[in-house]
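Structure assessment
Read off the chains here:
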Amino acid sequence: MSRSYGSIIRCESHPDAPLIEDHRAGDMICSECGLVVGDRCVDVGSEWRTFANDKESKDMSRVGAAEDPTMEGQDLSTTIGRATGSAGFGENGLPIYRNRHTESAAEKAKRKANREIKEMAERLSADQSIINAAQHIFHTVHKDKLIKGRSNNAIIAACMFIACRQQSVPRTFKEISAVAHTNTTIKDIGRCYKIIRKALVSSQTPSSGISSSSSSDLIERFCSKLNLPKEIKKLALFIVGKVNDIPDLTGKNPNSLAASAIFLACEQIGNIRSAEDIGRICGAAENTIKQTIKLMIPNLGKLFPPDVTPSHLIASRITK
C-alpha cells in the first residue's frame, strides 16, 4: 500500500514523490529513484494475521472467538499444550508449564454438542439465531439434568428441532434426522423431543415457549420447493386452517395434512401434481396422503372457501 509521508520523511532529490512502504523490511522507498529514505518503520495499523493454518484459513482476526455463555468461564480459559523442545523442560526432566485446568466430562459434552449443532445448522442452512437457541436449550437440559438415559446425538437433534420451531422456521423430524448423526433415528429424536418439551414446560424456563407442530408452518416451505404459485399456497393454508373443524382429521400427522392440502389446492387450481411428487417433498407416504384426502373429500364444502366450488375430479384422481 502506498502512503505519502512528504510532511515527515521525503526524498531529497524528489521531495514531492510519494513514498512506498515495504511492510516486510520496514523501509520507506522513493517511488521515483528507489532511494531508501527511512528504515525500521513501525506499522501502527491493525494487525490482521492468523497463526493457525496460515495457508488454509481465511480468518485474519487475532482476537479469538466470541464469548460462549454456555461454557464454564464463557470459554475464555487458556489451555497450555504439551511442552516441546528443551526449553519446555526443567533440569529434572519435568515440564515447566503444566496445564492446571482439566476439562470436565460435562464441558467436553457441551463443547461437542455446540460443534454438532453448528454442523447441523450448516447442513440445514440455518442462521445464527437458530444455533444460539439450540445451544441454549441443550445447555439448559444438560445443566438441569432434565433428560437421562438417552443418546446425546438424539438430544442434540431434538434441541435443533425445537430451536427451529422457536425461530418460526420449522423442520420435520425426517429433515432433522437426515442432517443428524448417522445412528440417530426419527423415533429417538421424537422421544427426546417429547421428554424435553414436557420438562421445559413443567420447569417454566424461558425456553418453554415451544409451539406445537402446525401444518400451516410447513405449507409455505413445501410450496416453495414445489414451485407452486401463490394462489395454491393461499388455498392450501385455508384448507389446513379448517382441518380442526373435522373430527376425523384431528391428531393427524402435520406433514400428511400439509401434503393433502397442497394436493387438493393443486387439483382445484388446475396445477396437477401427483401424490408421490408431493409426498417426496413433504416427507409423507403416497398412501398416507391418499387416505387423508379420502377423509377430506366428504367435507370439502367445509374445507374450501364459500366462493369456491370443489372440483368433481378430485375423487376420481384419488381412486386411480
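It should be noted that the structure appears before, not after, this text.
Scope of this entry: the structure provided in the associated data block. (Residues numbered from 1 in each chain as written. Predicted model: local features only at pLDDT ≥ 70, side-chain atom pairs only at ≥ 80, totals over all residues. Heavy atoms only, no water.)

1. Observations regarding the overall build of the protein
Just so we agree on the cut-off: Strands here are runs of E lasting at least two residues and helices are runs of H or I lasting at least four, both read from the DSSP assignment and numbered beginning at the N terminus. Exposure categories follow from relative accessible area, calculated using a 1.4 Å probe and restricted to protein chains: below 20% of the type maximum is buried, above 50% is exposed, and the middle band is partly exposed. Whether two residues are in contact is decided by their heavy atoms: any pair within 4.5 Å suffices. Computed with the Shrake-Rupley method and a 1.4 Å probe, the accessible areas treat only the protein chains shown as cover for residues.
The helix and strand tally for the protein stands at 12 helices and four strands. Among the 320 residues that make up the protein, the fraction classed as buried is 37%. Put simply, 57% of the contacts in the protein that link residues at least 6 apart link residues at least 24 apart. As presented, the protein carries roughly 19900 Å² of accessible surface, and 49% of it is formed by carbon and sulfur atoms.

2. Topic: the state of the cysteines
Stated precisely, the cut-off is as follows: A pair of cysteine sulfur atoms is labelled a disulfide when the two atoms are within 2.5 Å.
A complete count under the given rule lists zero disulfides for this structure. Left unpaired, Cys282 is separated from the closest cysteine sulfur, that of Cys223, by 7.9 Å. Take Cys282: its relative accessible area is 1%, and that puts it in the buried class.

3. A short note on the pattern of salt bridges
Test applied: Basic side-chain nitrogens of Lys or Arg form a salt bridge, by our definition, when they fall within 4 Å of a carboxyl oxygen of Asp or Glu.
Within the structure shown, the criterion is met by seven salt bridges. With a shortest N-O distance of 3.2 Å, Lys225 and Glu175 are connected by a salt bridge. You can see Lys225 sitting in helix 6 (residues 215-225) and its partner Glu175 sitting in helix 4 (residues 173-179), a full 50 residues away along the chain. As a salt-bridge pair, Glu286 and Lys290 come within 3.3 Å of each other at their nearest N and O atoms. With Glu286 and Lys290 both in helix 10 (residues 286-296) and four residues apart, the pair spans about one turn of that helix.

4. Thoughts on unusual backbone geometry
Across residues other than glycine, the phi torsion is negative in most instances, and most of the peptide bonds are trans. In this model, Ser125 sits at a positive phi of 60°, which is unusual for a non-glycine residue. Mapped onto the secondary structure, Ser125 falls in the loop between helix 1 (105-124) and helix 2 (128-144). Of note, the phi angle at Asn227 is positive, near 55°, even though the residue is not glycine. Residue position: Asn227 is located in the loop between helix 6 and helix 7 (230-241). Classification of Asn227 by relative accessible area gives exposed; the value is 64%.

5. Notes on the environment of Ala259
Tracing the chain through its elements places Ala259 in helix 8 (residues 254-269). Beyond its immediate stretch of four places on either side in the chain, Ala259 contacts Ile278, Cys282, Ala284 and Ile289.

6. Things to note about the packing of helix 1 against helix 3 (residues 152-166)
For any two helices packed against each other, the geometry comes down to the angle between their axes and how far apart the axes lie. Formally: Inter-axis angles, ranging from 0 to 180 degrees, are taken between N-to-C directions of lines fitted to C-alpha atoms, where helices are fitted over the stretch in contact. Here roughly perpendicular refers to angles of 65 to 115 degrees, roughly parallel to angles under 35, roughly antiparallel to angles over 145, and oblique to all remaining angles. Crossing handedness: left-handed means the near helix sits turned counterclockwise from the far one by under a right angle, and right-handed means the same turn made clockwise.
Between helix 1 and helix 3, whose axes approach to 10 Å, the crossing angle comes to 50°. In terms of orientation, helix 1 lies oblique with respect to helix 3. Classified by chirality, the crossing of helix 3 by helix 1 is right-handed. Side by side, helix 1 and helix 3 meet where Ala109, Ala113, Glu116, Ile117, Met120, Ala121 and Leu124 of the first sit next to Asn152, Ile156, Ala157 and Met160 of the second.

7. Some points on the side chain of Ser260
Within the secondary structure, Ser260 sits in helix 8. Judged by its relative accessible area of 0%, Ser260 is buried. Here Ser260 is in contact with Ile289, Thr292, Ile293 and Met296, once residues within four sequence places are set aside.

8. A look at the packing of aromatic side chains
Selection criterion: Only the six-membered ring of Trp is used, alongside the rings of Phe and Tyr, when aromatic pairs are assigned; centres must lie within 6.5 Å, and planes under 30 degrees apart are stacked while those over 60 apart are edge-to-face, with the rest tilted.
Tallied over the entire structure, the rule returns three aromatic pairs. Taking 4.1 Å as the distance between ring centres and 10° as the angle between the ring planes, the aromatic pair formed by Phe161 and Phe173 counts as stacked. Taken together, the residues span a long stretch of sequence, with Phe161 in helix 3 and Phe173 in helix 4 at a distance of 12 residues. Phe161 sits in the buried class, given a relative accessible area of 2%. Judged by relative accessible area, Phe173 falls into the partly exposed class, the value being 25%.

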